[in-house]
Amino acid sequence: MEVTMGPAWEAAFHIVPVAEAFLMGGCFSFLARPFLPYKKPRRKTPVFPNPHSEPEAAACGNCPERRKDVFCAGAVYAVVMLLLYYVPLSLDIFVAYCLGVAAAFFVLCFMDRRNYEQKVFLAVTFFALRWFASALAEILYDKLYAFASRTDYMVKHPELSLALYIGVCLFYLVMELLFTLFGIWCILKAYAYKYAKMAKSELFMLVVPSAAGVVGYAMMRYYRIFYIMESGQTSDVYDILAFLYYAVNIVGIVVVIVLYQSIKAKQEERLQKELLTAQLGSIRQHTAQVERLYQNIRSIKHDMANHILILEGLYAANQAEEAEAYSANLKTALAEATGEIRSGNSVTDVILQEFKNKAEKQDIRFEAEFYFPESSAVDVFDISVILNNALQNAVEHTGESKEPYIFVRSYRRNNAYMIEIRNSFAGNLYFDEESGLPVTEKTEQDDYGQAHGYGLSNIRKVARKYSGDIDITAQEGEFRLTVLMMLESGTTLLEF
């Protein structure tokens, strides 16, 4: 089939590389976006408005801003690939695509300076997936073009060669895009713990299939091009085997990720059990403290008659100063025995008092207006889980403010029981898009959200047990956790 080349053909030759650069840039953004933490958009009003709070607090939605747009990483990839295509440089095609992926990788690192191992995994996986998808689409492209160009209709109409070429190129781009998106979709579906910190050993395990697959791809591509140059045609058997090889490599990448995530799930389960065991131990400790509290109260009650006689004797002898000193000592002993906090339940009294003491030792102002919902079906163990986890986070992460503080209170609105814990903090708070909880990285301690992993998850489980939920906001140097629990009708909240 005689074909006359011209400006139209010259323009058509640029269809694939230009369109491919932008399509693959979008695919890279699609792959990387779910792995980057985000900031919640601001709300005009809180989810659970507090009727007892200040008007200013109720008016401002205490919500962080949305995360930065990750599409700039894909745009950088596209721009770099276009520059390398149009600028006459003697670069191997593999090196050129390595530079494009590396540029996008550095943009990701600049946008989110954490979990660099995971970003290496994303870059290597995308690099491999892009080549496998391209190879699959190229095999289909060659077969379709060879078949269409040899048909009787095309032999009789050589003037349609350009249209055929453009159509087959568009077919190639569509197939490459579909293969790439399908691989990315499988990866995102299999990769459950997208915000978990990736260790170097985990990175090595995850990139080996991609790296090995790319090496195999380079070898098979070399022999395929060599065969075409020598024989002037493709081998159907070789292309079928190559097609299966590339498809199996994509499946292999996904399978390794699934295995990796199953290992992470077992680790999560083990950590959850350890945390639950620690909480049970904490409850036992608090119960023991309540028993000691009752013993101290009984001891003071037993000696109260003697204390009264001593005070009466001092006043009768006109020793007012000694009586006042004795009375002050008695009040101090009574406060130490019973504690300063009265929440309506001995266990929550002990928990609040314990965290108050911890906070004061760290020069953190601690205020409590917490009241336990008596005469309700709420289990004190569930309330203990909420207070222990929330206050532990608050004590450890009050931030580097000049006046650190923690404020805990509870209030009632109809049959909704609210627990609110506020504390000062510094820095940004990023959220897991799926769970809505702050990002957790147990191996690093420089991000405020790291301490809010399993604790907040357990708090949410307790809230949902009572048909409620939690709300987390951070704004203007303050972290706020609000827990909603629905009480049965007729329950009254104890007020003091």
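Residues numbered from 1 in each chain as written. Predicted model: local features only at pLDDT ≥ 70, side-chain atom pairs only at ≥ 80, totals over all residues. Heavy atoms only, no water.

*Asks:* In this structure, what is going on with empty space enclosed by the protein? I would like to understand it.
*Replies:* If a probe the size of a water molecule is rolled over the atoms, the empty space left behind becomes visible. Going through the model one piece at a time under the given rule, you end up with three cavities of 30 Å³ or more. When its volume is computed, the second largest cavity comes out at roughly 60 Å³. Surrounding the second largest cavity, A135, E138, I139, Y217, R221, R224, I225 and Y246 form its lining. Among the secondary structure elements, those contributing two or more residues to the lining of the second largest cavity are α6 (116-149) and α9 (200-231). Sort the elements by how many residues they give to the lining of the second largest cavity and α9 lands first, with four residues. Among the residues making up the lining of the second largest cavity, the classes are represented as five nonpolar, no polar and three charged. (1 Å grid on protein atoms, 1.4 Å probe; cavity = no way out; pocket = protein on both sides within 12 Å on 5 of 7 lines; lining within 4 Å. Points joined across faces, edges and corners; volume = space filled by probe spheres on them. Helix = DSSP H or I, 4+ residues; strand = E, 2+ residues; numbered from the N terminus. Nonpolar A, V, L, I, M, F, W, Y, C, P; charged D, E, K, R; others polar.)

*Asks:* Could you clarify how one ought to interpret the sheet that holds strand β3 (residues 416-424) in this entry?
*Replies:* Hydrogen bonds between backbone atoms are what pair the strands of a sheet, whose relative direction is either parallel or antiparallel. The strand order across the open sheet built from five strands is β1-β2-β3-β5-β4, with neighbouring strands paired in mixed fashion. Looking at the sheet topology across the chains shown, the edges are occupied by β1 (365-369) and β4 (469-475). Looking at each pair of strands side by side, their axes are set apart by 15 degrees on average, direction ignored. The sheet contact formed by strand β2 (residues 405-413) and β3 spans eight bridges and is antiparallel. Pairing of I406 across the sheet is with N423, part of β3. Against the sheet, helix α12 (residues 346-361) engages β1 and β2, with an angle of about 160 degrees to β1. (Pairing = 2+ DSSP bridges. Axes fitted to C-alpha atoms, helices over the stretch in contact; angles between N-to-C directions. Contact = heavy atoms within 4.5 Å.)

*Asks:* Can you walk me through the nonpolar core in this structure?
*Replies:* One broad rule of soluble globular proteins: the nonpolar side chains tend to lie buried together. Within the largest apolar cluster, 71 residues are counted, with the highest numbers of intra-cluster contacts made by L31, Y77, F121, F126, Y246 and I257. Secondary-structure elements contributing two or more residues to this core are α1 (7-12), α2 (15-32), α4 (71-86), α5 (93-111), α6, α8 (161-190), α9 and α10 (236-316). Among the elements that line this core, the one with the most residues is α6, at 16 residues. Apart from residues no more than four positions distant in its own chain, F126 is found in contact with M24, C27, F28, L31, Y77 and V101. I364, I383, I406 and A463 belong to the second largest nonpolar core, which has 40 residues in total. (Core = buried A, V, L, I, M, F, W, Y, C linked by side-chain atoms within 4.5 Å. Buried < 20%, exposed > 50% of the residue type's maximum accessible area, 1.4 Å probe, protein only.)

*Asks:* Please explain the environment of V70 as it appears in this structure.
*Replies:* Here V70 lies in the loop between α3 (55-59) and α4. When the C-alpha atoms of V70 and R33 are compared, they prove to be 5.9 Å apart, with 37 residues separating the residues in sequence. Setting aside residues no more than four positions away along its own chain, V70 makes contact with S29, A32, R33, L36, L108 and M111.

*Asks:* Explain the pattern of salt bridges to me, please; I cannot follow it from the model alone.
*Replies:* Side chains carrying opposite charge are able to pair once their charged atoms draw close together. Using the criterion set out here, one finds 19 salt bridges in the structure. Notably, a salt bridge pairs E117 with K200, separated by 3.2 Å at the nearest N-O pair. Of the two residues, E117 sits in helix α6 while K200 sits in helix α9, which places them 83 residues apart along the sequence. Here E117 falls in the buried class, since its relative accessible area comes to 14%. Residue K200 is classed as exposed on the basis of its relative accessible area of 62%. Note that R464 is salt-bridged to D469, the shortest N-O span being 3.6 Å. Owing to a relative accessible area of 48%, R464 belongs among the partly exposed residues under this scheme. In this structure, a network of salt bridges that share partners links the residues R409, E420, R422, E478 and R480. (Salt bridge = Lys/Arg side-chain N within 4 Å of Asp/Glu carboxyl O.)

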